[in-house]
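Understanding the architecture of this molecule
Here is how the chains run, residue by residue.
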Amino acid sequence: MSQRVESPLVAIAENAKKDGIQISDQRLLDLGYRPEFRREMSLFGVLGMSFCTIGILTGMSSAFQTGLFSGGPLGLFWGWNICSFFMFLIALSFAEICSSYPTMGGLYFWVCKMKPDYPMLGFFTGWIYSIAMVFTGTSGNLSVALYIASMAEVGSGRTLTRVEIAAIAWGINILSGIINTVGTKAVGRMSSFNVWWTLGGTFVLVVTLLVKSPVKNSASFVFTDFENFTGWSSRGFVVLLGFLQAVYTLEGCETAAQVAEEAERAEFLAPLAVVGSIVGSWLVGLAYMLALLFSVQNIASVQATTYAIPIAQLFYDAVGTKLTVMCLVVVGFAQFMASVTAFTASSRLFYALARDNAFPAKDQFVAINRFQAPYWGVWASVLVGCIISCAYIGSAVAFNAILSSAAIAVMLSYLQPITIRVFWPDSLPEPGPFRLGKWSWGVNFLSFLFSAFICGLFVLPTVYPVNALNMNYSVVAIGGVIVVVTVNWFSWGHRSFSGPMRTYTLEKP
């Protein structure tokens with residue numbers, strides 16, 4: 001009988017992997033949590049998680065018209081690079097904190113640990129960010145439905161009704177729940193695949209647009225042309241409104257922290273994924289944006305489109321019917337994968353909050369199935385997503401207000417840990433292996449200024465004159481979210497939640 005001989009290099013690699021898992025598990029124990037998840041995610045899987053949530057192809061395509069109508073190519077190009085730089089600074093700030101606290105609570109846990117004397121801050125951060133992730137996943141799933149509706153209209157000339165679009169969104173929500181219920185391995189593999197899909201898809205879209213578009217715009221148009229469909233007279237303000245497209249697209253780098261307890265050497269991999277996802281998104285997004293700007297045929301045509309999603313009109317004008325359907329398939333599938341990871345993040349947040357008595361039905365929300373998935377959090381996200389999707393049937397304005405509040409909620413959640421790092425610089429007494437050193441305070445201060453500025457910008461009216469149909473109702477929606485969280489805190493949260501609960505106590509020798 002032949003005996004299998006194992007390569008020494010394989011044995012060394014396996015031992016190194018085991019040692020890395022033990023180190024990460026020990027760090028989690030030091031933070032007071034017993035490891036409950038198998039560490040099955042590699043750097044590529046964790047990076048893919050953030051990269052997938054950011055969704056360059058999807059965010060850029062879904063919100064491209066915002067910048068195109070508010071500043072035009074000039075605002076889009078310069079806004080993208082300026083916002084990418086500041087989002088990179090935010091990523092550096094988060095990476096330093098994440099390296100010290102590599103747990104799935106992410107922003108919520110960081111706030112609790114850095115400011116333990118104010119548990120209300122952690123409670124509000126956790127709840128607002130969890131709701132933002134549910135809204136983000138819901139928004140993404142409806143966007144998938146809108147891409148499918150646009151494919152139907154471009155390919156067959158059939159216009160889907162709002163009821164049909166909402167029904168498709170329901171199906172996408174449920175499919176997202178099924179994939180998340182299968183667990184860590186499925187999501188990790190999908191996230192890794194999404195990196196290649198995004199890179200390959202961007203290459204295909206860029207080449208298709210630049211080769212097939214009948215008219216190529218000049219460099220002068222791409223870098224200096226100003227467009228204004230907003231009604232506002234101030235050129236500076238109009239360009240700033242276009243920043244919203246870039247920020248909306250680039251949010252999501254911090255989701256690597258939501259799977260930190262499922263990653264090998266999380267104290268290294270999670271921070272690298274946070275920063276790497278922004279750098280990659282900056283470059284990939286820039287290439288895709290330039291291709292769109294060089295190939296857009298008629299901005300007024302995009303503004304007047306009847307397609308369910310405006311980017312379909314840009315594709316149609318540039319490359320024709322068949323290739324437009326192909327472009328929508330590429331972007332739509334990327335959007336679906338991004339939406340799945342948003343529910344991954346929200347379910348892990350529900351788990352983290354319930355573990356610390358900051359969420360009702362603790363026993364249910366901390367339960368994990370045999371696939372290592374916190375399934376109660378997954379299906380709670382799906383249920384809320386389906387309910388919100390129903391709002392689209394009655395009023396697209398109300399639905400858009402709910403979902404646009406997600407972007408504001410994310411930035412508000414960003415603001416909490418960054419503010420603590422600015423005004424209490426000694427709030428991170430045990431830095432991890434990823435350190436900014438003497439640059440830390442400056443990076444955090446610039447991140448604070450940008451985050452506060454964007455939070456204010458997000459709630460301003462985007463068109464003038466303002467009326468009941470074009471008003472920016474996101475301020476109402478985010479106000480409703482804050483009211484819900486406030487009621488929860490004062491009705492029961494302040495009694496049950498005092499900060500992270502230890503599920504493991506270190507034994508004293």
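In the block above lies the structure referred to throughout.
Residues numbered from 1 in each chain as written. Predicted model: local features only at pLDDT ≥ 70, side-chain atom pairs only at ≥ 80, totals over all residues. Heavy atoms only, no water.

Description of the overall build of the protein
What counts is decided by this rule: Where helices and strands are cited, they refer to DSSP runs of H or I of at least four residues and of E of at least two residues respectively, numbered from the N terminus. Whether a residue is buried, partly exposed or exposed follows from its accessible area with a 1.4 Å probe, protein chains only, as a fraction of its type maximum: under 20%, in between, or over 50%, in that order. Here, two residues are considered to be in contact whenever any of their heavy atoms come within 4.5 Å of each other. For accessible areas, the Shrake-Rupley method is used with a probe of radius 1.4 Å. Any residue's cover is judged against the shown protein chains and nothing else.
From N to C terminus, the protein includes 19 helices and 0 strands. Counting over 509 residues, the protein shows a buried share of 57%. Partitioning the contacts of the protein with sequence separation of at least 6, the portion at a separation of at least 24 is 84%. Of the roughly 20,100 Å² of accessible surface on the protein, 67% is carried by carbon and sulfur atoms.

Things to note about the pattern of salt bridges
As a reminder, the rule being used: The term salt bridge refers to a side-chain nitrogen of Lys or Arg lying within 4 Å of a carboxyl oxygen of Asp or Glu.
This structure, assessed with the given rule, holds 3 salt bridges. E96 serves as the salt-bridge partner of R421, at 3.2 Å between the closest nitrogen and oxygen. Placement of the pair is R421 in helix α17 (residues 396-423) and E96 in helix α4 (residues 72-100), with a sequence separation of 325 residues. On the accessibility criterion, R421 (6% relative accessible area) is buried. A salt bridge links D117 to K115; the shortest N-O distance between them is 3.9 Å. Of the residues examined, D117 reaches a relative accessible area of 51% and is grouped as exposed. Residue classification places K115 among the buried positions, given a relative accessible area of 9%.

Some words on a nonpolar patch on the surface
The following threshold applies: Grouping into patches uses exposed residues only, defined as over 30% relative accessible area, and leaves out salt-bridged ones; the cut-off is 9 Å for like charges and 5 Å for nonpolar side chains (Val, Leu, Ile, Met, Phe, Trp, Tyr).
Among the surface-exposed residues, W170, I174, L175, I178, V182, F371, Y375, W376 and W379 lie close enough to one another that they form a single nonpolar patch of about 790 Å² accessible area. Among the elements that line the nonpolar patch, the one with the most residues is helix α7 (residues 162-182), at 5 residues. Looking at the element boundaries, F371 is found in the loop between α15 (362-365) and α16 (375-394).

Considerations on the environment of Q297
Filter applied, for reference: A 3.5 Å cut-off defines polar contacts: any pair of N or O atoms within that distance qualifies, except that in protein one atom must be a possible hydrogen donor and the other a possible acceptor, and neighbouring residues in sequence count only when both atoms are side-chain atoms.
Following the sequence through the fold, Q297 ends up in the loop between α11 (266-295) and α12 (299-303). Considering only alpha carbons, one finds Q297 and N217, 80 residues apart in sequence, at a separation of 8.0 Å. Residues contacting Q297, with those up to four places away along its chain left out, are S213, P214, V215, D317 and A318. In this structure the side chain of Q297 is engaged in a polar contact, spanning 2.9 Å, whose partner is the backbone oxygen of V215. Of the polar contacts made by the side chain of Q297, one reaches the backbone oxygen of S295; its length is 2.6 Å.

Quick word on the packing of helix α3 (residues 56-69) against α4
What counts, and what does not: Between N-to-C directions, angles cover 0 to 180 degrees, with each direction set by a line fitted to C-alpha atoms, over the stretch in contact for helices. The labels follow the angle: roughly parallel below 35 degrees, roughly antiparallel above 145, roughly perpendicular from 65 to 115, and oblique for the rest. Crossing handedness is defined as follows: a turn of the near helix away from the far one that is anticlockwise and smaller than a right angle gives a left-handed crossing, while the clockwise case is right-handed. Under the scheme applied here, ten amino acids are nonpolar (Ala, Val, Leu, Ile, Met, Phe, Trp, Tyr, Cys and Pro), four are charged (Asp, Glu, Lys and Arg), and all others, including Gly, are polar.
Where α3 meets α4, the closest approach of the two axes is 9 Å, and the angle between their N-to-C directions is 135°. Between α3 and α4, the angle is such that the two are oblique. Handedness of the α3/α4 crossing: right-handed. Note on element contacts: α4 touches α3 through G72, L76 and W80, opposite I56, M60, F64, G67 and L68. Among the residues forming the contact of α3 with α4, the class breakdown is 6 nonpolar, 2 polar and no charged.

Remarks on the packing of aromatic side chains
Note the cut-off: In this analysis, rings of Phe, Tyr and Trp, with Trp reduced to its six-membered ring, are considered paired at centre separations within 6.5 Å, and the interplanar angle assigns stacked below 30 degrees, edge-to-face beyond 60, and tilted for intermediate values. The rule is short: NZ of Lys or CZ of Arg within 6 Å of the ring centre and within 35 degrees of the ring normal puts a charge over the ring.
The final tally for this structure, using the stated rule, is 29 aromatic pairs. Summarising the aromatic geometry, the rings of F85 and F86 are spaced 5.4 Å apart at their centres and angled 75° between planes, so their arrangement reads as edge-to-face. Ring pairs connect the aromatic residues Y108, F123, F124, W127, F350, F359, F365, W376, W489, W492 and F497, which therefore count as one cluster. The ring of Y392 carries R162 above its face, with NZ or CZ at 5.9 Å from the centroid. The ring of F226 carries the charged tip of R235 above its face, separated from the ring centre by 4.1 Å.

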